[in-house]
Each structure stands twice: as structure tokens, then as C-alpha cells.
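# Examination of the molecular architecture
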Amino acid sequence: MSVDHAQHPEIRETARPPTLHLALAREGPAAVLRVGGPLDLATVDRLVDLVDRLMGGGPPPVLVLDLSGVTFFCAAGVNALLTAHRRVASAGCTLVVREPSRITVKVLDIVGLTDEFTTE
């Protein structure tokens, strides 16, 4: 029997792509959105949608994005961060980036946007 005709056991893919975790909390008047996992093309819409919902109605005066748990950050993540920044500003609120992960800092540095965001 040739290799081409050999019976291969069924291979099931068990690995799942990493998912984005979002957790919302309050710290005084500020809303804190903790972000964990990859900020990529497959996940950024969830972040932007949540920012839109927070800015609708009675938005908090300050939205803190805690990016300490971001494990992957690419152009889609940069675009989502800029979109969130614009939407928060247009609601008359302030966006603060808290503890950006190493990959987030590196990418923002590469694209020249490290000074674009208020960080803590």
C-alpha cells in the first residue's frame, strides 16, 4: 500500500483560536474596561461595540482601557484603539489607557502613536 492510499485516523482539531475577554468595572466615576487576549481582526469589533454602547446613553466621564492582558496587537487593534479614542472624545469624555502590554506598547511605538493616548 502506498502512502497515498494509507488509511489515516481522523484528526480532530481541538485547538481553539484565542478569544477576547472583556470585563467592565467601576472605579468611582470612571468605567474600567479590562481587555484580555488578542486584539486582532477577528476580535476588535467586540471592543468597539462595547465602547459604543458605553458612550451611548449616560457615558462615564472617563473610560479606562486596561490593556495589561492583551496578548496580540496588530493593525486592527491600532485602528480599534483609535476608533475608541474618537468615539470617547466625541461623547465629551476622556480615554485613558492603563498598563498596556508589552506587545501593545511595541506596536504603538512602531506606528508612532505612543503619545496619542493618555496612559497610566
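Look a little higher up for the structure.
Since the structure is predicted, the reported quantities are computational estimates derived from the model, not experimental observations.

Turning our eyes to something else, we now look at the pairing of strand β1 (residues 21–27). Direction of pairing for β1 relative to strand β2 (residues 30–39): antiparallel, over a ladder of seven bridges. Bridge assignment links Leu24 to a residue of β2, and that residue is Leu33. Taking the residues between adjacent antiparallel strands as the criterion, β1 and β2 are bridged by two residues, where Gly28 takes a positive phi near 60 degrees.

This paragraph deals with the sheet that holds β1. Strands in a sheet are paired, the pairing made by backbone hydrogen bonds, and the direction either parallel or antiparallel. Strand order across the open sheet formed by five strands is β1-β2-β3-β4-β5, with mixed pairing between neighbours. What marks the edges here is a single partner per strand, and that holds for β1 and β5 (118–119). Across two bridges, strand β4 (residues 94–98) lies against β5 in parallel orientation. Bridge assignment links Val97 to a residue of β5, and that residue is Thr119. Most of the contacts of helix α1 (residues 44–55) go to β2, to which it runs at about 170 degrees, and overall it touches β1, β2 and β3 (62–73). Each of β2, β3 and β4 is contacted by helix α2 (residues 75–90), which is oriented at about 175 degrees to β3, the strand it contacts most.

Take the pattern of salt bridges next. Under the counting rule described, the total for this entry stands at four salt bridges. Residues Arg98 and Glu27 are paired through a salt bridge, measuring 3.0 Å at the closest nitrogen-oxygen approach. On the criterion of sequence distance, the pair formed by Arg98 in strand β4 and Glu27 in strand β1 is long-range, its members being 71 residues apart. For Arg98, a relative accessible area of 13% corresponds to the buried category. For the salt bridge of Glu120 with Arg98, the shortest nitrogen-to-oxygen distance reads 2.5 Å. You can see Glu120 sitting in the segment after β5 and its partner Arg98 sitting in strand β4, a full 22 residues away along the chain. Here the salt bridges do not stand alone but share partners, grouping Glu27, Arg34, Arg98 and Glu120 into one network.

Definitions and cut-offs
- Residues numbered from 1 in each chain as written.
- Predicted model: local features only at pLDDT ≥ 70, side-chain atom pairs only at ≥ 80, totals over all residues.
- Heavy atoms only, no water.
- Pairing = 2+ DSSP bridges.
- Helix = DSSP H or I, 4+ residues; strand = E, 2+ residues; numbered from the N terminus.
- Contact = heavy atoms within 4.5 Å.
- Axes fitted to C-alpha atoms, helices over the stretch in contact; angles between N-to-C directions.
- Salt bridge = Lys/Arg side-chain N within 4 Å of Asp/Glu carboxyl O.
- Buried < 20%, exposed > 50% of the residue type's maximum accessible area, 1.4 Å probe, protein only.

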